[in-house]
Amino acid sequence: MKEGPHKDDSMVAVEHPLREMWRVYRRNKAALLGLFLFVFVLALTLVAPHFYRVDPFDLAGAPATRPGESGFLLGTDFIGRDVLAEIIHGGKATLTVGLVSALMTTILGTMFGAIAGYYGGRIDTFLMRFTELFQVMPALLFAMVIVALFSASLFTIAMAIGLASWPGVARLVRGEFMRIKSEEFVLAARSIGTGEQYLIWLVIFPNAIPTLLVAATMNIGTAILFEAALSYLGLGDTAVMSWGLIIGNNREYVFDCWWAIALPGLAIFMIVLAICLIGDGLTDAINPKLREL
């Protein structure tokens, strides 16, 4: 009996990993919305300043001009600065602080958590006690102290937020390493004499990336909120416009100039929401079980 045509498994085309990740990512409508919001805000802060050439520190009009009046799309703040120009130029500083501090948080947390989780024992105990020294301190208060002791520059603010936020990532990575190191593929790699550094960073760490990715994206949003809080309390860099500085400058005029607080606050809300949605989408895309569906 003649068999019908069938596909040879060896002839089945293998989809490129990045294309496969994008296929899973775009199935998540919320993640696509987050990506759209992030690209929109990023374009607003990077491209718009080349077309809207208004210095955010210049007095452009009458104080507290309402949005849409006197040619000001988003109005002016309490001393007459263009709110649209402030938001456009302030986004670059806000995003920079968020990205740099989140990068520092992820690096420090990964280093401490990976070593503690892999070796365990006394090393784990010592590193976790050291981590707790930072964790017991209120993060915002600790960042305020660092910024107050040193110059209130964007770099100092980013470093202060990073130093205040890494313990949570360290504990998360430690838990992942303790779980993954007992998996069969790790035991098999160890049995053939694989070096410890190779095991830590090239065998175990890649399998902890999905969980770490969620923490990293959340840390970016948290850092942006931290920067806004520090600027609101008067500890921001007054020489560089940021969304937090706009809110802080106008906080005493919330009833007379509410748009100068609400609009930068809306920008912060949009970018934090976008980053969280992107992080959730990337987590699904990296998960091999979901990619097989």
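Scoring rules and cut-offs
- Residues numbered from 1 in each chain as written.
- Predicted model: local features only at pLDDT ≥ 70, side-chain atom pairs only at ≥ 80, totals over all residues.
- Heavy atoms only, no water.
- Helix = DSSP H or I, 4+ residues; strand = E, 2+ residues; numbered from the N terminus.
- Rg over C-alpha atoms; globule rule 2.2 N^0.38 Å.
- Salt bridge = Lys/Arg side-chain N within 4 Å of Asp/Glu carboxyl O.
- Axes fitted to C-alpha atoms, helices over the stretch in contact; angles between N-to-C directions.
- Parallel < 35°, antiparallel > 145°, perpendicular 65-115°, else oblique.
- Left-handed = near helix turned anticlockwise from the far one by under 90°.
- Contact = heavy atoms within 4.5 Å.
- Nonpolar A, V, L, I, M, F, W, Y, C, P; charged D, E, K, R; others polar.
- Polar contact = N/O pair within 3.5 Å; in protein donor to acceptor, adjacent residues only side chain to side chain.
- Buried < 20%, exposed > 50% of the residue type's maximum accessible area, 1.4 Å probe, protein only.
- Core = buried A, V, L, I, M, F, W, Y, C linked by side-chain atoms within 4.5 Å.
- Phe/Tyr/Trp six-rings, centres within 6.5 Å; stacked < 30°, edge-to-face > 60°.
- Lys NZ or Arg CZ within 6 Å of the ring centre and 35° of its normal.
- Patch = residues over 30% accessible without salt bridge, like charges linked within 9 Å, V, L, I, M, F, W, Y side chains within 5 Å.
- Areas by Shrake-Rupley, 256 points an atom, 1.4 Å probe, with all protein chains shown as cover.
- pLDDT = per-residue confidence, 0-100.

Chemist: What am I meant to see in the overall build of the chain here?
Modeler: Of the regular secondary structure elements, the chain holds 11 helices and zero strands. N-terminal to C-terminal, the α/β element order of the chain is α-α-α-α-α-α-α-α-α-α-α. Expected size for 293 residues packed as a compact globule is a radius of gyration near 19 Å; at 24 Å, the chain overshoots this value by more than 25%. Principal axes of the C-alpha set define a box for the chain whose edges measure 85 × 65 × 30 Å.

Chemist: Would you explain the pattern of salt bridges in this entry?
Modeler: Oppositely charged side chains are able to pair whenever their charged atoms sit close together. The tally for this structure, following the rule as stated, stands at six salt bridges. Beyond isolated ion pairs, a larger network of salt bridges with shared partners links D77, R81 and E86.

Chemist: How do you make sense of the packing of helix α2 (residues 29-46) against helix α10 (residues 259-286) when you look at a structure like this?
Modeler: The geometry of a pair of packed helices is captured by two quantities: the angle between their axes and the separation between those axes. Their axes nearest at 7 Å, the elements α2 and α10 cross at an angle of 135°. One way to sum up the angle between α2 and α10 is to call them oblique. For the pair α2 and α10, the crossing hand works out as left-handed. Across from A30, A31, G34, L35, L37, F38, F40 and V41 in α2, the residues of α10 making contact are M270, I271, A274, I275, L277, I278 and G281. Looking at the contact of α2 with α10 residue by residue, the classes come out as 13 nonpolar, two polar and no charged.

Chemist: Honestly, the packing of helix α3 (residues 83-119) against helix α4 (residues 121-135) in this entry has me stumped. Any pointers?
Modeler: Where α3 meets α4, the closest approach of the two axes is 7 Å, and the angle between their N-to-C directions is 150°. Between α3 and α4 the crossing geometry is left-handed. Where α3 approaches α4, its residues F112, I115, A116 and Y119 are matched on the opposing element by G121, I123, D124, L127, M128 and F130. Of the residues that constitute the contact of α3 with α4, the class distribution is eight nonpolar, one polar and one charged.

Chemist: Mind showing me how you'd approach the side chain of D77 here?
Modeler: Mapped onto the elements of the fold, D77 is located in the loop between α2 and α3. Side-chain polar atoms of D77 contact the backbone nitrogen of R81, separated by 2.7 Å.

Chemist: What am I meant to see in the environment of R23 here?
Modeler: Inspection of the secondary structure assignment puts R23 in helix α1 (residues 17-25). The exposure class of R23 is partly exposed, given its relative accessible area of 23%. A C-alpha to C-alpha distance of 43 Å links R23 and T125, two positions 102 residues apart in sequence.

Chemist: Mind showing me how you'd approach the nonpolar core here?
Modeler: Within soluble globular proteins, side chains that are nonpolar tend to cluster in buried spots. By size, the foremost hydrophobic cluster in this structure holds 27 residues, and its most contacted members are V83, I87, I224, W243, I268, I271 and V272. Top element by residues in this core is α10. It accounts for nine residues. Core analysis: the second largest hydrophobic core is formed by 21 residues, V97, A116, A164 and L235 among them.

Chemist: Sorry, what's going on with the packing of aromatic side chains here?
Modeler: Aromatic ring pairs: the centre-centre distance and the angle between the two ring planes describe each pair. Using the criterion set out here, one finds 11 aromatic pairs in the structure. With 5.3 Å between their ring centres and 65° between their planes, F130 and F134 make a pair best called edge-to-face. Of this pair, F130 and F134 both sit in helix α4, four residues apart, which is roughly one turn of the helix. F134 gets classed as buried once you look at its relative accessible area, which sits at 19%. Taken together, F112, F130, F134, F142 and W166 form an aromatic cluster joined through their ring pairs. A cation over an aromatic ring shows up here: R251 above the ring of Y232, its NZ or CZ 5.7 Å from the ring centre.

Chemist: Just checking my understanding: could you explain the environment of S153 for this structure?
Modeler: Along the polypeptide, S153 turns up in the loop between α5 (139-149) and α6 (154-180). Residue classification places S153 among the partly exposed positions, given a relative accessible area of 22%.

Chemist: I tried to follow the side chain of S101 on my own but got confused; where do I start?
Modeler: In this fold, S101 is placed in helix α3. Judged by its relative accessible area of 1%, S101 is buried. Leaving out residues up to four positions away in the same chain, S101 has contacts with A158, I161, G162 and A223.

Chemist: How should I be thinking about the environment of I79 in this particular structure?
Modeler: Assignment of secondary structure puts I79 in the loop between α2 and α3. Placed 17 residues apart in sequence, I79 and A62 show a C-alpha to C-alpha distance of 7.3 Å. Each residue touching I79, except ones within four places of it in the same chain, is listed here: L59, G61 and P63.

Chemist: Sorry, what's going on with a nonpolar patch on the surface here?
Modeler: On the surface, a cluster of nonpolar side chains totalling about 390 Å² of accessible area is made up of L42, L46, V47 and F51. Take L42: it is sitting in helix α2. Of the residues examined, L42 reaches a relative accessible area of 32% and is grouped as partly exposed.

Chemist: Explain the confidence of the model for the chain here, please?
Modeler: Atomic detail in the predicted coordinates should be set aside for any region of low pLDDT. Across the chain, the average pLDDT comes to 87, with 92% of residues at 70 or higher. No element of the chain has a lower mean pLDDT than helix α11 (residues 288-291), at 56, and none a higher one than α3, at 93. Low pLDDT, under 50, characterises residues 7-12; the stretch is placed with zero contacts to residues that sit more than four places away or in other chains.

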